[in-house]
Amino acid sequence: GIRAGQGGYGYLKEPLWWIGMISMILGEAANFAAYAFAPAILVTPLGALSIVVSAILAHHFLQERLNVFGMVGCVLCIAGSVSITLHAPEEREMSGVNEVLLLALQPDFLLYALSAVSAALYLMFKVAPKFGKTHIFVNVGICSLFGSLSVISCKALGMAIKMTFEGNNQFGYPATYLCMVIVACCVVIQINYLNKALDLFNSAIVSPIYYVMFTVLVIIASTIMFKEQQTTRQVATQFSGFITIVSGTFILHMTKDMDLTGSIAGFNAKGQGPVAKRRGPEELPILSRETKEEL
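Residues numbered from 1 in each chain as written. Predicted model: local features only at pLDDT ≥ 70, side-chain atom pairs only at ≥ 80, totals over all residues. Heavy atoms only, no water.

Section: the pattern of salt bridges
Working step 1: Taken as a whole, this structure holds 1 salt bridge when the rule is applied.
Working step 2: Among the salt bridges present, the one from D108 reaches K227, with a minimum N-O distance of 2.9 Å. Taken as a pair, D108 in helix α6 (residues 107-131) and K227 in the loop between α9 (203-226) and α10 (232-254) lie far apart in primary sequence, 119 residues in all. (Salt bridge = Lys/Arg side-chain N within 4 Å of Asp/Glu carboxyl O. Helix = DSSP H or I, 4+ residues; strand = E, 2+ residues; numbered from the N terminus.)

Structural notes on the state of the cysteines
In a disulfide, the sulfur atoms of two cysteines are held together by a covalent bond.
Working step 1: Overall, the coordinates contain 0 disulfides when judged by the stated rule.
Working step 2: With no disulfide of its own, C154 lies closest to C186 among cysteine sulfurs, the gap being 8.7 Å. (Disulfide = S-S within 2.5 Å.)

Quick notes on the layout of surface pockets
Working step 1: The calculated volume of the second largest pocket comes to roughly 360 Å³.
Working step 2: The wall of the second largest pocket is formed by 19 residues, among which A104, F109, S153, L178 and I182 lie closest to the centre.
Working step 3: For the lining of the second largest pocket, the elements supplying multiple residues, two or more each, are α5 (97-104), α6, α7 (136-165) and α8 (174-200).
Working step 4: Here the element with the most residues in the lining of the second largest pocket is α8; it accounts for 5 residues.
Working step 5: Residues that form the lining of the second largest pocket fall into these classes: 18 nonpolar, 1 polar and no charged. (1 Å grid on protein atoms, 1.4 Å probe; cavity = no way out; pocket = protein on both sides within 12 Å on 5 of 7 lines; lining within 4 Å. Points joined across faces, edges and corners; volume = space filled by probe spheres on them. Nonpolar A, V, L, I, M, F, W, Y, C, P; charged D, E, K, R; others polar.)

Considerations on the packing of aromatic side chains
For any pair of aromatic rings, geometry is given as the distance between the ring centres together with the angle between the planes.
Working step 1: On inspection of all chains with the given rule, the structure shows 4 aromatic pairs.
Working step 2: Taking 6.2 Å as the distance between ring centres and 35 degrees as the angle between the ring planes, the aromatic pair formed by F109 and Y112 counts as tilted. Of this pair, F109 and Y112 both sit in helix α6, 3 residues apart, roughly one helical turn.
Working step 3: Since its relative accessible area comes to 6%, F109 is described here as buried.
Working step 4: Overall, Y112 belongs to the buried group, its relative accessible area being 11%. (Phe/Tyr/Trp six-rings, centres within 6.5 Å; stacked < 30°, edge-to-face > 60°. Buried < 20%, exposed > 50% of the residue type's maximum accessible area, 1.4 Å probe, protein only.)

Some points on the environment of A221
Working step 1: Mapping A221 onto the fold places it in helix α9.
Working step 2: The class for A221 is buried, based on a relative accessible area of 0%.
Working step 3: C-alpha separation for the pair A221 and F109, spaced 112 residues apart in sequence, amounts to 7.3 Å.
Working step 4: Residues within four places of A221 in sequence aside, it is in contact with F109, Y112, S148 and I152. (Contact = heavy atoms within 4.5 Å.)

A look at the packing of α6 against α7
Working step 1: For the pair α6 and α7, interaxial distance at closest approach is 9 Å and the crossing angle is 155 degrees. Considering the angle they form, α6 stands roughly antiparallel to α7. Of the two possible hands of crossing, α6 and α7 adopt the one that is left-handed. Taking contact as the criterion, the partners of F109, Y112, A113, A116, V117, A119, A120, L123, M124, V127, A128 and F131 in α6 are, on α7, V138, G141, I142, L145, F146, S148, L149 and I152.
Working step 2: The residue makeup of the contact of α6 with α7, split by class, is 18 nonpolar, 2 polar and no charged. (Axes fitted to C-alpha atoms, helices over the stretch in contact; angles between N-to-C directions. Parallel < 35°, antiparallel > 145°, perpendicular 65-115°, else oblique. Left-handed = near helix turned anticlockwise from the far one by under 90°.)

On their own, these measurements won't tell you what the molecule is for.
Next comes the structure, spelled out in structure tokens:
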């Protein structure tokens, strides 16, 4: 079928794509539950831990070597996540989904929502047809803009489900079903344009850029809507933690295809130089001319 980058949906016929999609749905279900118990400004940045887990699993099961730079990237992601977790704001108490709707109808959040939708629609219908195949920020930007709105709706919907289980039924209010519609529409658009971005560009570039843009927009949307009270120290620490995660994410993705083995960044114990992968399963050091003469 026609590839996603060409506007097709041939990937829908691939069993492996569906296996990956089902796995993502299960993971996002747990992520969805997290939004019901913690502020979005905390949950969203912690998504970087999935990158660390993926790198570790790929190292053990797919034989994708996690080199020394990848290990540094993992450590940075974990350190940044711990920093954000320790200094996250307290969850704001909500009386129901109607209160969330009132917060969403505030002028400042309405301005953000209208700006995000307008920018995303402009990118979809004006920019993407001309520059979507050559500029990575087009498709990723569409995903991120709609993603920030989907997270807010997910939080409201998760809270409604949580309160319903506690005995306060929230499914008698139209706002709950409005959140469902917004989540469904945003997720469909995100999947479509993220598949296009991954088909057109290297995933090592798409993943960190998408993570940064998506997280920044979610934090902005959440701050405007919920107005969590934070001290200057909390804001500074969270910002530092976020920058640490971003650094670790970029290092992990940008160096994952570098074939480095050995004790320090690919140099063997004798300091003879980087180890390169030759044809076949074995790995042999690149020997200098002097070393060859000695042999």
